[in-house]
Amino acid sequence: MPVFGGLGGGKRSAIASRAAQSAGGQGTGAPMRTGYDLELVHLTKRYGDTVAVRDLNHIFAPGSYVCLLGPSGCGKSSTLRMIAGHEEVSEGSIVLDGQDVSHLPPAQRGTAMMFQNYALFPHLSVRDNVAFSLRMKGVDRTARHRRADELLALVDMTRLADRLPAQLSGGQQQRVALARALVTEPKALLLDEPLSALDPFLRIRMRAELKKLQRETGITFIHVTHGQDEALALADEIVVMNNAVIEQAGPAREVWARPRTEFVARFIGGHNVISLPQGKATVRADAVSLASEGLAATVTAVEYQGASVAVTTRTEAGEEVLALLPEDSFYAAPRSPGEAVRLRWDEARLHRLQA
């Protein structure tokens, strides 16, 4: 499947050109920036006595790809729907481009939302699906089709413009939904688990295309997911949520390498949480090795993962420790469940947790 392409003949799309102009872009090929700030100010959502989102304060960097990451029920989808205007704000404000949009209807906010099920109209062609919101605004047929064709070219769907949604694959339907969301030139695009309905292979291909599209348009993308790999692959910034609050936010590499809390360390994956006299710390699974001396443990599981082998162990204190070993290293001295081993890591690789 080809990745998203620009317009024919090397021309940039109209949306990308306007983004460049607003940011003073010079066509250098660098990511463009729209300059639109999005800020959550003491944002709270209640459903009766249940607090779904509690006092969030966060600024999303203009023109960035942000993933809201967390388990089911953590508040990430409620946050996204409040930004979109599909859920009422209980307390606080949503500020976009200097304007409080908290009480504006969705169509007046300057945002667009791509739903999990894509919500395409089955009786409309691909082109008419993309142009639908312009039709509702009274844009004449020629102008709205021209605009729809620009977006279909951006997502490499021009050749399928006359087909119905039922004649498209899942990945193609997703591209149409993206083009439809972008046709109104939103200041921020909101994506609610957009890859969850795709098979694993297509999911990996499509996340590369999403990232490329975000860079081409320069629009802020806010993407809700519970997939750690998805967030790490896509995000300029990861916002980890748990129990209605933000546990940690920062660049993807920082959140993964230096989790602040035990929850973030366990949820983001690839970390062992170790109890020390001074408190808890993490050590990455790929920093743990099997050695002749070290912490006594028993192998509980061995999982071959291709280039590496995951060896799960349990220490005498009852803590589970994962060692991610290179394939060649493991098979030079293979281990089986039930065997006693010694675990070793460089003390410099320990990372102290704040909570």
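Computed from a predicted model, the values in this text were never measured in an experiment.

In this structure, Val 130, Leu 189 and Ile 238 are the most contacted members of the largest nonpolar core, which totals 47 residues. Considering each element in turn, this core owes the most residues, 6 residues, to helix α5 (residues 170–182). Once residues lying within four places of it in the same chain are set aside, the contact partners of Ile 238 are Cys 67, Leu 69, Ala 231, Leu 232, Gln 248, Ala 249, Gly 250, Ala 252 and Val 255. Cys 74, Met 82, Ile 83 and Ala 249 belong to the second largest nonpolar core, which has 25 residues in total.

In this model, Asp 156 sits at a positive phi of 60°, which is unusual for a non-glycine residue. The topology assignment puts Asp 156 in the loop between α4 (141–154) and α5.

It is worth spelling out the pairing of strand β14 (residues 295–304) at this point. Taken together, the 4 bridges between β14 and strand β17 (residues 340–344) define a ladder with antiparallel strand orientation. Looking across to β17, one finds that Ala 297 is bridged to Val 341. Across 7 bridges, β14 lies against strand β15 (residues 308–315) in antiparallel orientation. Across the sheet, the residue bridging to Val 299 is Thr 313, located in β15. Here β14 folds back onto β15 in antiparallel fashion, the turn holding 3 residues, of which Gly 306 has a positive phi close to 95°.

Moving on, we come to the pattern of salt bridges. Under the criterion given, the structure shown has 17 salt bridges. Measuring nitrogen to oxygen at the nearest pair gives 2.9 Å for the salt bridge that ties Lys 211 to Asp 236. Here the residue Lys 211 occupies a position in helix α6 (residues 200–217), and Asp 236 occupies one in the loop between α7 (228–234) and β9 (237–242), the gap between them amounting to 25 residues. For Lys 211, a relative accessible area of 10% puts it in the buried group. Judged by its relative accessible area of 35%, Asp 236 falls in the partly exposed class.

Considering all chains together, one arrives at 0 disulfides under this definition. Cys 67 takes part in no disulfide bond, and the closest cysteine sulfur to it belongs to Cys 74, at a distance of 13 Å.

Another aspect to go through is the side chain of Arg 109. Tracing the backbone shows Arg 109 in the loop between β5 (99–100) and β6 (111–114). No salt bridge is formed by the buried Arg 109; its nearest oppositely charged neighbour, Asp 100, is found at 7.4 Å. Reaching out from Arg 109, the side chain makes a polar contact with the backbone oxygen of Ser 102 at a distance of 2.7 Å. Within the structure, Arg 109 has its side chain in polar contact with the backbone oxygen of Leu 104 (distance 2.8 Å). Not counting residues within four places of it along the chain, the set of residues in contact with Arg 109 comprises Met 82, Ile 83, Ala 84, Gly 85, Ile 94, Leu 96, Val 101, Ser 102, His 103 and Leu 104.

Let us look at the sheet that holds β15. As a general point, the strands of a sheet are linked pairwise by backbone hydrogen bonds and lie either parallel or antiparallel. Spatially, β13-β17-β14-β15-β16 is the arrangement adopted by the 5 strands of the open sheet, whose pairing is antiparallel. The sheet is open, and its two edges are formed by β13 (289–291) and β16 (320–326), each paired on a single side. For this sheet, the mean inter-axis angle between neighbouring strands, taken without regard to orientation, is 50°.

Within the element layout of this structure, Asp 192 appears in strand β7 (residues 188–192). Buried charged residue Asp 192 carries no salt bridge. Nearest counter-charge: Arg 81, at 5.3 Å. A polar atom in the side chain of Asp 192 sits 3.5 Å from the side chain of Ser 77. Apart from residues no more than four positions distant in its own chain, Asp 192 is found in contact with Ser 77, Leu 80, Met 113, Met 114, Phe 115, Gln 116 and Val 224.

Turning next to helix α2 (residues 76–84). Burial of α2 is extensive: 7 of the 9 residues sit out of reach of the surface. Residues of α2 that are buried include every one of Lys 76, Ser 78, Thr 79, Leu 80, Met 82, Ile 83 and Ala 84, and no others. Of the residues one or two after α2, Gly 85 is the one with positive phi, at around 95°.

Turning next to the environment of Gly 171. With respect to the secondary-structure elements, Gly 171 resides in helix α5. Since its relative accessible area comes to 0%, Gly 171 is described here as buried. Each C-alpha atom of the pair Gly 171 and Arg 205 lies 9.2 Å from the other, and the pair is 34 residues apart in sequence. Leaving out residues up to four positions away in the same chain, Gly 171 has contacts with Leu 198, Leu 202 and Met 206.

Reading the values: the criteria
Residues numbered from 1 in each chain as written. Predicted model: local features only at pLDDT ≥ 70, side-chain atom pairs only at ≥ 80, totals over all residues. Heavy atoms only, no water. Core = buried A, V, L, I, M, F, W, Y, C linked by side-chain atoms within 4.5 Å. Buried < 20%, exposed > 50% of the residue type's maximum accessible area, 1.4 Å probe, protein only. Helix = DSSP H or I, 4+ residues; strand = E, 2+ residues; numbered from the N terminus. Contact = heavy atoms within 4.5 Å. Pairing = 2+ DSSP bridges. Salt bridge = Lys/Arg side-chain N within 4 Å of Asp/Glu carboxyl O. Disulfide = S-S within 2.5 Å. Lys, Arg positive; Asp, Glu negative; His and termini not counted. Polar contact = N/O pair within 3.5 Å; in protein donor to acceptor, adjacent residues only side chain to side chain. Axes fitted to C-alpha atoms, helices over the stretch in contact; angles between N-to-C directions.

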